[in-house]
Each structure stands twice: as C-alpha cells, then as structure tokens.
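Inside the fold
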Amino acid sequence: MKTVLVIDDDADLRFALSAFLTSRGWEVVAASDGNAGLELARKHLPKAILCDLLMPGTNGFRVCSAIRDEDALRYALLIAMSGKGFEDTRVAALEAGADEFLTKPIDLERLAALLDQVSGESRSPTEASSGLSPTDPSFVRFWGVRGSIPSPGPDTVRYGGNTSCVEFRGGGEIIILDSGTGIRLLGQALAEEFKGKSLGLTLLITHSHWDHVQGFPFFNPAYDSGNRLRILGFEGAREGLAGIFSSQMESPFFPIGLSQLPGHLTFEELRTMEFSIGQVKVRVAFANHPGVCVGYRLDTESGSVAYLPDHEPFHRLRSQPALPEALREKAAEFARAEDEKIAKFLHQVDVLILDAQFDAEEYANHTGWGHSSVDDAVELALRSEARKLFLFHHDPAHSDAKLDQMVQFARKLVTQSGKKLEVEVASEGLKCELIPAAKTAK
Ligand SMILES: [Zn+2]
Ligand SMILES: [Zn+2]
C-alpha cells in the first residue's frame with residue numbers, strides 16, 4: 001500500500017488532506033508536530049511526505065532536512081506547505097531538502113499530480129517515455145572523450161577537449177553514460193531534436209570524479225519541468241550520489257541549487273550488478289580505479305556496448321615489487337582472477353569503450369593512478385573478443401597527432417596478434433551505429 005505522511009498543526013487541513021488522499025487510494029498517516037512527524041516517517045517509510053513549514057516545536061525546515069538525512073527516507077517525495085507564498089520561503093524549503101513547495105490553500109489537483117509521480121511504478125524509467133520507439137536505430141555517440149580535465153585548444157580540436165559523456169540509444173531508451181563537460185553539447189542536441197517534447201532520460205554514472213559529473217549543471221534537459229531524469233550510480237566512497245551532485249551545485253560553486261532544477265530528477269543508489277532499463281539489459285562491474293568506480297554493459301537486440309572509462313588492469317598494480325615476497329604470488333593470483341572477471345564481463349561485446357589514457361612509457365610513470373595504457377586496452381579487448389574498440393579517456397596532454405600515433409600503434413598490436421578487432425579513437429561527435437546483423441556477420 002502506498003503511504004503518505006501529513007505533518008501539519010492545523011487539524012482541519014489534516015482532515016481535509018486525509019479525506020482527499022484516502023479517496024485517491026493512499027494510506028494516510030498524520031502528525032500534528034514536527035517530532036511526531038519524524039517518528040511516523042521513520043516508522044512507516046512513506047512514499048510521500050507533506051510537511052507544513054511553520055509549526056510549534058521543530059519547524060518544517062528542520063523536519064525536511066532531518067528527513068533528507070535519513071537514508072531510508074532520502075528518496076521520498078517531500079512536499080513543503082506554507083501559508084506564506086514568499087519566494088524566499090520556497091527557496092529555503094527547497095534548500096532544506098523539499099522536492100516541491102505548495103502554498104496554502106492547497107491546490108488539490110496540483111497535489112494529486114505530484115503524488116501521481118510516486119504512486120505505483122510511475123517513477124520507473126519504463127513509464128518515463130524516452131521519446132523514442134524501440135524500433136528506432138541503435139547507436140552510441142561520443143560527446144566528451146577526454147579524461148581528467150577539459151582540454152580545448154588547437155591541438156585537440158579534431159578529437160575534442162570535453163570530458164566523459166557518451167550517449168546510447170537502443171531498445172527505445174536514451175541512456176547517458178557519465179556527465180562530464182560533453183553533456184552540455186548533448187543537452188543542446190536533445191533540445192534541438194525533440195523541441196519541447198517531454199523526455200525521459202537515464203543517466204548512468206561510473207564514479208564521481210570531476211571529469212564524470214562536472215557538466216551536469218549545464219545539462220539543458222534538467223531545466224525543463226516536462227522532463228524526467230533518472231540518475232543511477234553507486235554510492236561514492238564518502239558521500240551518496242545525490243549528495244555529490246548537489247554539493248557541486250552549492251552556492252560557492254554554482255548559482256542554482258540541484259533542488260531548484262525544474263526537471264524531475266530522481267537519484268537511485270545502485271545495489272545490484274544487473275538490472276533493466278526498459279528493454280535494455282544493464283550489467284555492472286567494479287573497475288580498478290580509486291574510490292567506488294564501475295563500468296556498464298548495455299545489451300539490446302541490436303547489439304551491445306560496454307563502457308569502462310577509468311580502469312587499470314589488476315595485474316599491473318598488484319605485480320609491483322613493493323609487496324613482500326610471500327604475498328606476491330597470492331596477489332598475482334588474485335589480480336589474474338579479477339582481470340578475468342572483467343574480461344568475462346566484456347565478453348564478445350560489439351562496441352567496447354575503454355580507458356587508454358597512456359602509452360606504455362607514460363604508464364610506467366603513472367602506475368596506480370587507475371588508468372590503462374593503450375597496450376593494455378588492446379590486450380583486454382582481444383582477450384574479451386570484443387568486435388570494436390574505442391580508445392577513450394584521452395590524456396588532457398595528448399594532442400590529436402599523439403592520438404593518431406596511439407591508434408596506429410594499437411592497430412599494429414592487433415595485426416601482430418593475428419586476431420580480428422577494429423580499433424578507433426573516440427572523438428567528439430562521432431556516432432557508431434549498432435547493427436543487429438553485426439553479430440552474425442563476424
Ligand atoms: Zn575519469
Ligand atoms: Zn576517475
């Protein structure tokens with residue numbers, strides 16, 4: 001049963017809201033002050049909470065921030081209510097953690113529309129139509145290919161200077177892999193293509209390093225109240241996903257807070273390594289990179305894509321001579337098993353987007369940074385029997401000419417192996433179509 005909690009010291013309003021919400025199929029629990037409200041929230045874990053701001057005892061702002069601090073309540077729809085319609089009050093409520101603000105007397109139709117978002121499965125991506133049909137062509141397009149920090153300039157103009165962002169379309173879904181600075185361009189392109197049509201987008205975040213989240217405040221679709229954005233990722237080492245996104249938009253860094261964005265944003269901490277987004281099957285693997293970092297694999301009927309932008313082979317890191325001799329063999333064995341897991345995860349993927357930040361010489365000076373050399377990227381792609389490899393997460397210091405050399409070298413390695421693998425450099429704007437027949441044409 002879907003539960004809504006009403007916290008208000010006005011008994012008449014509690015009664016009226018309870019009657020209305022019950023008639024719409026909600027189970028209603030109610031409290032007349034902030035402390036009692038918090039207790040009920042913890043007990044019932046409601047899907048939605050309506051909270052008056054001005055109450056005796058703990059005020060509604062405090063109640064909102066206490067609710068947001070509770071892990072189990074973090075994603076409840078929190079609606080602040082006030083008799084004061086001041087903009088200042090609305091902003092303060094949103095800053096305290098409310099998702100929405102309603103002025104009294106409450107517009108019941110508006111309230112019903114807000115609650116519809118969280119009743120049943122309506123916050124799931126399948127109901128948030130992407131604007132595509134499952135039969136639309138499937139492809140990946142690169143919007144940001146650089147690692148670490150944007151690197152615009154004449155030397156990077158061909159492959160691009162924006163940081164990690166890849167668009168995937170398939171199975172009727174638009175799935176965005178990471179929100180580095182490239183996501184700004186994607187936002188402009190989506191706005192242009194869909195012209196005011198409501199969009200349902202899913203954003204998969206590999207980890208929270210700047211080059212994977214920094215572009216989000218400049219993503220146009222988040223500013224359109226008709227759009228729904230579902231943001232998925234694993235909890236960071238120190239902070240939750242929503243906290244990471246909101247802290248990079250706090251006032252010393254950005255003029256608009258995350259909760260003020262008009263688009264309907266939902267954050268979900270992933271707890272599972274396999275799930276679906278509509279018809280797209282998603283698998284996740286932990287990458288060897290500082291903090292909590294993952295790679296994603298998307299499988300559809302049109303083909304598969306794997307995205308592992310930040311990863312260092314386990315065997316490289318664990319074969320360092322610093323380990324005591326007794327442990328070295330055990331560590332090497334562990335590393336082999338971990339590398340094998342990654343290769344299995346990538347097995348026979350059609351399009352493999354892989355960290356290839358360094359050449360072998362540079363890698364020698366950057367062991368333990370959590371990135372791969374081009375040699376290792378090719379080795380992993382060959383071992384996984386991938387069909388097409390895109391060198392990705394280019395070092396900010398690498399010029400177009402350097403990347404040309406790296407891809408030539410990578411192709412040479414493939415030829416020497418006697419195996420079959422296409423290798424390309426990921427470049428901004430490049431689109432790679434997934435063709436179902438590719439599987440049989442091998
Ligand atoms: Zn990165
Ligand atoms: Zn990183």
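Below, the structure is looked at part by part.

Quick notes on the rules
Residues numbered from 1 in each chain as written. Chains lettered and ligands numbered in written order. Predicted model: local features only at pLDDT ≥ 70, side-chain atom pairs only at ≥ 80, totals over all residues. Heavy atoms only, no water. Helix = DSSP H or I, 4+ residues; strand = E, 2+ residues; numbered from the N terminus. Polar contact = N/O pair within 3.5 Å; in protein donor to acceptor, adjacent residues only side chain to side chain. Pairing = 2+ DSSP bridges. Axes fitted to C-alpha atoms, helices over the stretch in contact; angles between N-to-C directions. Contact = heavy atoms within 4.5 Å. Disulfide = S-S within 2.5 Å. Core = buried A, V, L, I, M, F, W, Y, C linked by side-chain atoms within 4.5 Å. Buried < 20%, exposed > 50% of the residue type's maximum accessible area, 1.4 Å probe, protein only. 1 Å grid on protein atoms, 1.4 Å probe; cavity = no way out; pocket = protein on both sides within 12 Å on 5 of 7 lines; lining within 4 Å. Points joined across faces, edges and corners; volume = space filled by probe spheres on them. Nonpolar A, V, L, I, M, F, W, Y, C, P; charged D, E, K, R; others polar. Donors = N, O, S within 2.8 Å, 3.2 Å for Na, K, Ca; no water. Phe/Tyr/Trp six-rings, centres within 6.5 Å; stacked < 30°, edge-to-face > 60°. Lys NZ or Arg CZ within 6 Å of the ring centre and 35° of its normal. Expected span 1.5 Å × (residues − 1). Arc of directions from axis to C-beta. Parallel < 35°, antiparallel > 145°, perpendicular 65-115°, else oblique. Left-handed = near helix turned anticlockwise from the far one by under 90°.

Quick look at the side chain of Arg230 now. Along the chain, Arg230 turns up in strand 10 (residues 228-233). In terms of polar contacts, Arg230 uses its side chain to reach the side chain of Glu268, at 2.7 Å.

Taking strand neighbours across the sheet as the criterion, the 7 strands line up as 12-13-14-15-16-17-18 in an open arrangement whose pairing is mixed. The sheet terminates laterally at strand 12 (274-277) and strand 18 (422-425), the two strands that pair on one side only. Sheet twist, expressed as the mean angle between neighbouring strand axes with direction ignored, is 20 degrees. Bridge count between strand 13 (residues 280-286) and strand 14 (residues 294-300): 6 bridges; the pairing is antiparallel. What sits directly across from Lys281, in strand 14, is Asp299. Along the sheet, helix 13 (residues 400-417) makes contact with strand 17 (388-392) and strand 18, crossing strand 18 at roughly 170 degrees.

Attention now moves to the state of the cysteines. A disulfide bridge is the covalent bond that connects two cysteines by way of their sulfur atoms. Inspection of every chain in the model, using the stated rule, returns 0 disulfides. The thiol of Cys51 is not disulfide-bonded; the next cysteine sulfur, from Cys64, is found 4.7 Å away. Cys165 forms no disulfide, and the closest cysteine sulfur to it belongs to Cys293, at a distance of 16 Å.

This part covers the nonpolar core. The nonpolar side chains of soluble globular proteins are, as a tendency, buried together. Among the nonpolar cores identified, the biggest contains 34 residues, and Leu346, Leu352, Leu389, Leu391, Leu421 and Val423 are the most heavily contacted of them. Contributions of two or more residues to this core are made by strand 15 (303-308), helix 10 (325-345), strand 16 (351-355), helix 12 (374-384), strand 17, helix 13 and strand 18. Aside from chain neighbours lying at most four places away, what touches Leu421 is Ala381, Leu382, Ala386, Arg387, Lys388, Leu389 and Val414.

It is worth spelling out the environment of Thr300 at this point. Looking at the element boundaries, Thr300 is found in strand 14. For the pair formed by Thr300 and Val280, sequence separation is 20 residues and the distance between their alpha carbons is 5.3 Å. Non-local contacts of Thr300, meaning those with residues more than four positions away in its chain, are made with Ser138, Phe168, Gly170, Gly171 and Val280.

One pass over the structure, following the stated rule, counts 3 cavities of 30 Å³ or more. The calculated volume of the second largest cavity comes to roughly 80 Å³. Lining the second largest cavity are His311, Pro313, His315, Asp339, Ile342, Leu354, Ser372, Asp376, Ala377, Glu379, Leu380 and Arg383. When residues of the lining of the second largest cavity are traced back to their parent elements, those giving at least two are helix 10 and helix 12. The leading source of residues in the lining of the second largest cavity is helix 12, at 5 residues. Residues belonging to the lining of the second largest cavity are distributed by class as follows: 5 nonpolar, 3 polar and 4 charged.

Looking now at the coordination of the zinc ion (ligand 2). Each donor-metal-donor angle in an ideal tetrahedron of four donors is 109.5 degrees, and each such angle in an ideal octahedron of six donors is either 90 or 180 degrees. Surrounding the zinc ion (ligand 2) are the protein donor atoms His207 (NE2), His209 (ND1) and His289 (NE2), at 2.1 Å. Each donor residue of the zinc ion (ligand 2) lies on the same chain, and together they follow the pattern H-x1-H-x79-H. Between the zinc ion (ligand 2) and the zinc ion (ligand 1), the interatomic distance is 3.4 Å. One end of the pair, His207, is in the loop between strand 9 (200-205) and helix 7 (210-213); the other, His289, is in the loop between strand 13 and strand 14, and 82 residues separate them in sequence. Using a relative accessible area of 3% as the deciding quantity, one classes His207 as buried. With relative accessibility at 8%, the residue His289 sits in the buried group.

Let us now look at the packing of aromatic side chains. Per the stated rule, a full pass over the model turns up 8 aromatic pairs. A connected cluster of aromatic rings, assembled from ring pairs, spans Phe142, Tyr307, Phe390 and Phe392. Here Lys431 stacks its cationic end above the ring of Phe139, 4.3 Å away from the centre of that ring.

Let's shift gears to helix 13. Here helix 13 contains 18 residues, and its C-alpha end-to-end distance of 26 Å stays within 8% of the 26 Å for a straight helix at 1.5 Å per residue. Regarding helix 13, the residues found buried are Asp400, Lys402, Leu403, Met406, Val407, Ala410, Leu413 and Val414. Take helix 13 and look down its axis: the buried residues cluster within an arc of 155 degrees, on one side only. Turned more than 90 degrees away from the buried face of helix 13 sit Gln405, Thr415 and Gln416, all of them exposed. Contacts made by the buried residues of helix 13 are with helix 11 (360-364), helix 12, strand 17 and strand 18. At the C-terminal side of helix 13, Gly418 shows a positive phi close to 75 degrees.

Helix 13 packs onto helix 12 with a crossing angle of 40 degrees between their chain directions and a minimal axis gap of 10 Å. Taken together, the axis directions place helix 12 and helix 13 in an arrangement best described as oblique. Between helix 12 and helix 13 the crossing geometry is right-handed. Contact residues: helix 12 offers Val374, Asp375, Val378 and Leu382, while helix 13 offers Met406, Phe409, Ala410, Leu413, Val414 and Ser417. Taken together, the residues of the contact of helix 12 with helix 13 break down into 8 nonpolar, 1 polar and 1 charged.

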